[in-house]
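Residues per chain, in single letters:
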Amino acid sequence: MTRPIRSGRILIIKHGAFGDLMQAEGVLHDIRQHFPHAHLALLTTPGFVGLMQRCPHIDEVLVDTRAPLWHLPRQWDLYRRLRAVRWDTVIDLQNSTRTSVYRRSMLRHAHWIGRLRGPAPVTGLRGQQYLLQEAGIDASHAMQPNLSWMAANVESLLTQLGITRPYVALLPGSSARHPEKRWPHYAELAAALQREGHACVSILGPDEKDLAAGFACSVLQGLDWFTLAGVLQQAAVVVGNDSGPSHVASCLGRPGLALFGASTSPLRSELARGRFETLQVDALESLPVSQVMDKLRPKLPVLA
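Residues numbered from 1 in each chain as written. Predicted model: local features only at pLDDT ≥ 70, side-chain atom pairs only at ≥ 80, totals over all residues. Heavy atoms only, no water.

**Structural notes on the layout of surface pockets**
If a probe as big as a water molecule is rolled over the atoms, it shows which places are left empty.
Point 1. In this structure, the largest pocket encloses a volume near 1400 Å³.
Point 2. Ala 17, Phe 18, Gly 19, Ser 243 and Gly 244 are, among the 49 residues lining the largest pocket, the residues nearest its centre.
Point 3. Among the elements of the structure, helix 1 (18-23), helix 6 (124-134), strand 7 (199-204), helix 9 (225-233), helix 10 (244-251) and helix 11 (266-269) are those that each provide at least two residues to the lining of the largest pocket.
Point 4. Per-element tally for the lining of the largest pocket: the top contributor is helix 6, with five residues.
Point 5. Here the residues of the lining of the largest pocket are counted per class, giving 17 nonpolar, 20 polar and 12 charged. (1 Å grid on protein atoms, 1.4 Å probe; cavity = no way out; pocket = protein on both sides within 12 Å on 5 of 7 lines; lining within 4 Å. Points joined across faces, edges and corners; volume = space filled by probe spheres on them. Helix = DSSP H or I, 4+ residues; strand = E, 2+ residues; numbered from the N terminus. Nonpolar A, V, L, I, M, F, W, Y, C, P; charged D, E, K, R; others polar.)

**Some details on the pattern of salt bridges**
Once their charged atoms are close, side chains differing in charge can pair, the charge on each being opposite to the other.
Point 1. Applying the stated rule across the entire model yields 11 salt bridges.
Point 2. The salt bridge partner of Lys 181 is Asp 242, with a shortest N-O separation of 3.4 Å. Taken together, the residues Lys 181 in the loop between strand 6 (167-171) and helix 8 (186-195) and Asp 242 in the loop between strand 9 (237-241) and helix 10 connect sequence positions 61 residues apart.
Point 3. Relative accessible area serves as the criterion here: at 17%, Lys 181 is assigned to the buried category.
Point 4. Using a relative accessible area of 10% as the deciding quantity, one classes Asp 242 as buried.
Point 5. Residues Lys 299 and Glu 277 are paired through a salt bridge, measuring 2.6 Å at the closest nitrogen-oxygen approach. Pair noted here: Lys 299 is in the segment after helix 12 (289-296) and Glu 277 is in strand 11 (residues 276-280), with a separation of 22 residues, a long-range link.
Point 6. Judged by its relative accessible area of 32%, Glu 277 falls in the partly exposed class.
Point 7. One continuous salt-bridge network, built from bridges that share partners, spans Asp 77, Arg 80 and Arg 81. (Salt bridge = Lys/Arg side-chain N within 4 Å of Asp/Glu carboxyl O. Buried < 20%, exposed > 50% of the residue type's maximum accessible area, 1.4 Å probe, protein only.)

**Examining the pairing of strand 1 (residues 9-13)**
Point 1. Counted residue by residue, strand 1 has four buried out of five residues, so it is predominantly covered.
Point 2. Relative to strand 2 (residues 39-44), strand 1 is paired through five bridges, and the arrangement is parallel. By the bridge assignment for strand 2, Ile 10 is matched with Leu 40.
Point 3. Pairing geometry for strand 1 and strand 4 (residues 89-92), over four bridges, is parallel. Counted as the bridge partner of Ile 13 is Asp 92 from strand 4. (Pairing = 2+ DSSP bridges.)

**Some remarks on the sheet that holds strand 2**
Point 1. An order of 3-2-1-4-5 is seen for the five strands of this open sheet, with the pairing classed as parallel. Across the chains shown, the open sheet's two edge strands, defined by having one partner strand only, are strand 3 (60-63) and strand 5 (111-113). Neighbour-to-neighbour, the strand axes of the sheet open up by a mean angle of 25°, direction not taken into account. (Axes fitted to C-alpha atoms, helices over the stretch in contact; angles between N-to-C directions.)

**Thoughts on the packing of helix 8 against helix 12**
Point 1. Here helix 8 crosses helix 12 at 50°, and the two axes come no closer than 10 Å. With respect to helix 12, the axis of helix 8 lies oblique. The crossing of helix 8 and helix 12 is right-handed. Along its contact with helix 8, which presents Glu 188, Leu 189, Ala 192 and Leu 193, the element helix 12 presents Val 289, Val 292, Met 293 and Leu 296.
Point 2. Across the contact of helix 8 with helix 12, the residue classes break down as seven nonpolar, no polar and one charged. (Parallel < 35°, antiparallel > 145°, perpendicular 65-115°, else oblique. Left-handed = near helix turned anticlockwise from the far one by under 90°. Contact = heavy atoms within 4.5 Å.)

**Examining the side chain of Lys 299**
Point 1. Lys 299 gets classed as buried once you look at its relative accessible area, which sits at 18%.
Point 2. The residues contacting Lys 299, other than those within four sequence positions of it, are Val 237, Gly 256, Arg 275 and Glu 277.

**A closer look at the packing of helix 9 against helix 10**
Point 1. Between helix 9 and helix 10, the least distance of the axes is 10 Å, while the angle of their chain directions is 55°. On the basis of the axis angle, helix 9 is oblique to helix 10. The chirality of how helix 9 crosses helix 10 is right-handed. The residues of helix 10 that touch helix 9, namely those facing Leu 228, Ala 229 and Leu 232, are Pro 245, Val 248 and Ala 249.
Point 2. In terms of residue class, the contact of helix 9 with helix 10 is made up of six nonpolar, no polar and no charged.

Laid out in structure tokens, this is it:
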């Protein structure tokens, strides 16, 4: 029998990473819908506080710096802040060694919802869906995150930069720790798209200046999350790597394509949904532009 969940103050733990947090939007939606009058607080890392404060399903965002567990002064600070509130329920979406320590120490008096045993789920998002279902929470939104609340109005920015729609958004970057996820031929793809009459916009992160060389199209760099989401929401098609911005495009419901090499799994990424697909090859550097164009053509806007 499922234990009734007390719904006064609920702490949800989800530290990251960025793409995983974006995908959890539907899970947060389901929790909010199940507990419409509860106070829902999200415990996450400092870099995501400003972003998640805009999430319509969350009432409060708390910071966890994820200090080393042996760093007692910082662990004591977190303990003090968490114990200052009586949490009725904790929903652990992170399912990590760290959160298991929190369960045994800082939050041992709260009713805990988390995956404690059993085989690992196919993907992290599927695991969160099962977690809700096992707790008696309807999970109808879990696999369909919707980041429309994240998208800023970018009309004036597009006008200022002379960017006209429809355009194809290109996301050539990835985490700096994983350069193997980067397909190296985005500049050639932009040229091929423009030869066929399609406008392109290349979007780069603040540490990706080296990727700007060779693009004969508009290049946007260092956008905040909300502007990034706004530009992606207005795109006709999005092409990217296995990266956080690709997750944003997928969770915005945009038509698109994410490119994968052999180092990561499209299935485990959960990037494919709706009109957003994935393409995996053994060696990204050997993936020809022609093959990507063939995959993109059915998605591209019909030009007058």
